[in-house]
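# Remarks on the overall topology
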Amino acid sequence: MLLPRVIPCLLVHEKGLVKSIKFKDYKYIGDPINAVRIFNEKKVDELIVLDIDASATNLEPDMKMIKNLADECRMPLCYGGGIKTVSQAGRIINLGVEKVAISSAAVENPDLISQISKELGSQSVIVVLDIKKKLLGRYEIYIHNGKKSTGLDLFSYLKVVVEKGAGEIVINSIDNDGMMNGYDIKLAKSVYDAISIPLIFLGGCGSQDDIKKLVEETGTIGAAAGSLFVFKGPHKAVLINYPNREDKEKLFKNITGETIL
C-alpha cells in the first residue's frame, strides 16, 4: 500500500518564511530556501508554498522567487499566490513547479479553474478554500488571506470546484490555523464524502497522531501542516522537522482497504 501524503505548507510573507495563528500574528521562521533545502534532505513527499501577500495586496506572482524555489526543490512543489491568469499559471509550471494553487481567483472567477485545467491538465490545478465556521455549523469561504468574507457556503461551492475540473482541493481551516489542537475531523470527513477528487486538509495539526487520526477516520490521502513541521516543543522553538519513511510506515501501519495514492 502506498502511504498517504504528508505535506508541509510554507507561508511566505514579505519574502520571508512565517507561521500564523488564525491567519494573524505572523512569526518569522527564516529563509524559505533554507527550509526547502532541509526538507530536501528529509525526503518530503510534497511541498506547498503559499505567498500570502500576493492575492491580498493584488500583486503578481514573484517569478524570481518561484524559480529559486523550483530550482532548489527536490520534491513535487505546489505554488500559490497571486495567480489570476492561465498565462501566469503556465509560466510557473514552466519554471519547474508541478502544481499551481489558486484560491481567491478561483472564487472570484471560477472559470479560471477550467481554463487552467484545460491548458495544463487537471493534475496541475489545486484549489485552496480558506473557511471559517459560522452559526448553525455552516462553513463559509473567505478570500484575500482570510480578510474578505464571500458569503459562499463551502459545500455548495465544492460542487463548482469539482465541476470546473480542479485536480485536488485543499481545505484550510482559519479557525484552527496555528492552534495545533488537531484537525476538524468531522468537517474533513464531510468534505471527503462530498467530493470525487483528492482532498488535502490543512489547519490545526499538532502531532503525528493528528495526521494518523485524519487519515484513518476520513479516508483522505493528503495531510498538510505548517506549525508541526517548523516548530518543536512546548515553547515552539523553530526547528524544521519531518517524519522519516520508517516513522510514516509505523504511523499508517494499521490502515487497511484500497490502495491509497
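Let us look at the structure shown here.

Criteria and cut-off values
- Residues numbered from 1 in each chain as written.
- Predicted model: local features only at pLDDT ≥ 70, side-chain atom pairs only at ≥ 80, totals over all residues.
- Heavy atoms only, no water.
- 1 Å grid on protein atoms, 1.4 Å probe; cavity = no way out; pocket = protein on both sides within 12 Å on 5 of 7 lines; lining within 4 Å.
- Points joined across faces, edges and corners; volume = space filled by probe spheres on them.
- Nonpolar A, V, L, I, M, F, W, Y, C, P; charged D, E, K, R; others polar.
- Salt bridge = Lys/Arg side-chain N within 4 Å of Asp/Glu carboxyl O.
- Helix = DSSP H or I, 4+ residues; strand = E, 2+ residues; numbered from the N terminus.
- Buried < 20%, exposed > 50% of the residue type's maximum accessible area, 1.4 Å probe, protein only.
- Phe/Tyr/Trp six-rings, centres within 6.5 Å; stacked < 30°, edge-to-face > 60°.
- Lys NZ or Arg CZ within 6 Å of the ring centre and 35° of its normal.
- Pairing = 2+ DSSP bridges.
- Right-handed = clockwise from strand over helix to strand, strands pointing away.
- Polar contact = N/O pair within 3.5 Å; in protein donor to acceptor, adjacent residues only side chain to side chain.
- Contact = heavy atoms within 4.5 Å.

Turning our attention to the layout of surface pockets. The space that makes up the second largest pocket amounts to roughly 210 Å³. Here the residues of the lining of the second largest pocket sort into 4 nonpolar, 1 polar and 6 charged.

Per the counting criterion, the structure on display carries 15 salt bridges. Measuring nitrogen to oxygen at the nearest pair gives 2.7 Å for the salt bridge that ties Lys-67 to Asp-71. Of this pair, Lys-67 and Asp-71 both sit in helix 2 (residues 63-72), 4 residues apart, roughly one helical turn. The partly exposed category is assigned to Lys-67, whose relative accessible area is 40%. Of the charged contacts in the structure, one is a salt bridge between Lys-250 and Glu-246, with a shortest N-O distance of 3.5 Å. Pair noted here: Lys-250 and Glu-246 are both in helix 10 (residues 245-251), with a separation of 4 residues, about one helical turn. For Glu-246, a relative accessible area of 46% corresponds to the partly exposed category. Salt bridges sharing partners connect three or more residues here, namely Arg-5, Glu-46, Lys-99 and Glu-168.

Here we take up empty space enclosed by the protein. Per the stated rule, a full pass over the model turns up 2 cavities of 30 Å³ or more. Taken as a whole, the largest cavity spans an internal volume of roughly 430 Å³. Lining the largest cavity we find 36 residues, and of these Leu-11, Leu-50, Ile-52, Asp-130 and Asn-172 sit closest to its centre. Secondary-structure elements contributing two or more residues to the lining of the largest cavity are strand 1 (5-13), strand 2 (16-21), strand 4 (47-51), strand 6 (99-102), helix 4 (104-108), strand 7 (125-133) and strand 12 (222-225). Residue composition of the lining of the largest cavity, grouped by class: 17 nonpolar, 15 polar and 4 charged. Roughly 30 Å³ of internal volume is contained in the second largest cavity. For the second largest cavity, the full set of lining residues is Cys-9, Leu-10, Leu-11, Leu-17, Val-18, Lys-19, Ile-29, Gly-226 and Val-230. Class assignment for the residues of the lining of the second largest cavity results in 7 nonpolar, 1 polar and 1 charged.

Turning next to the packing of aromatic side chains. Under the defined criterion, the tally for this structure stands at 2 aromatic pairs. Aromatic side chains Tyr-183 and Phe-201 sit 6.1 Å apart centroid to centroid with 70° between the ring planes, which places their arrangement in the edge-to-face category. Of the two residues, Tyr-183 sits in the loop between strand 10 (168-173) and helix 7 (185-194) while Phe-201 sits in strand 11 (residues 199-202), which places them 18 residues apart along the sequence. In this structure Tyr-183 comes out as buried when scored by relative accessible area, which is 9%. With a centroid separation of 5.4 Å and 50° between ring planes, the pair formed by Phe-229 and Tyr-242 is classed as tilted. Here the residue Phe-229 occupies a position in helix 9 (residues 227-230), and Tyr-242 occupies one in the loop between strand 14 (237-238) and helix 10, the gap between them amounting to 13 residues. Like Phe-229, the residue Tyr-242 is buried in the burial classification. One cation-aromatic arrangement involves Lys-132 over Tyr-142; the distance from NZ or CZ to the ring centre is 4.7 Å.

On to the pairing of strand 5 (residues 77-80). For a regular strand, side chains alternate in direction, first toward one face of the sheet and then toward the other. Along strand 5, one buried face is formed by Leu-77 and Tyr-79 and the opposite face, lined by Cys-78 and Gly-80, is buried too. In this sheet, strand 5 lies alongside strand 4 in parallel orientation, the contact comprising 4 bridges. Along strand 5, the bridge assignment pairs Leu-47 with Leu-77. Following the backbone out of strand 4, through helix 2 and into the adjacent parallel strand 5, one traces a crossover that is right-handed. In this sheet, strand 6 lies alongside strand 5 in parallel orientation, the contact comprising 3 bridges. Considered in strand 6, the bridge of Gly-80 is made with Ala-101.

As a further point, take the side chain of Thr-220. Note that Thr-220 resides in the loop between helix 8 (208-218) and strand 12. Taking relative accessible area as the criterion, Thr-220 reaches 0% and is therefore assigned buried. A distance of 2.5 Å separates a polar atom in the side chain of Thr-220 from the backbone oxygen of Leu-199. Beyond its immediate chain neighbours, meaning those up to four positions away, Thr-220 contacts Tyr-192, Leu-199, Ile-200, Leu-214 and Val-215.

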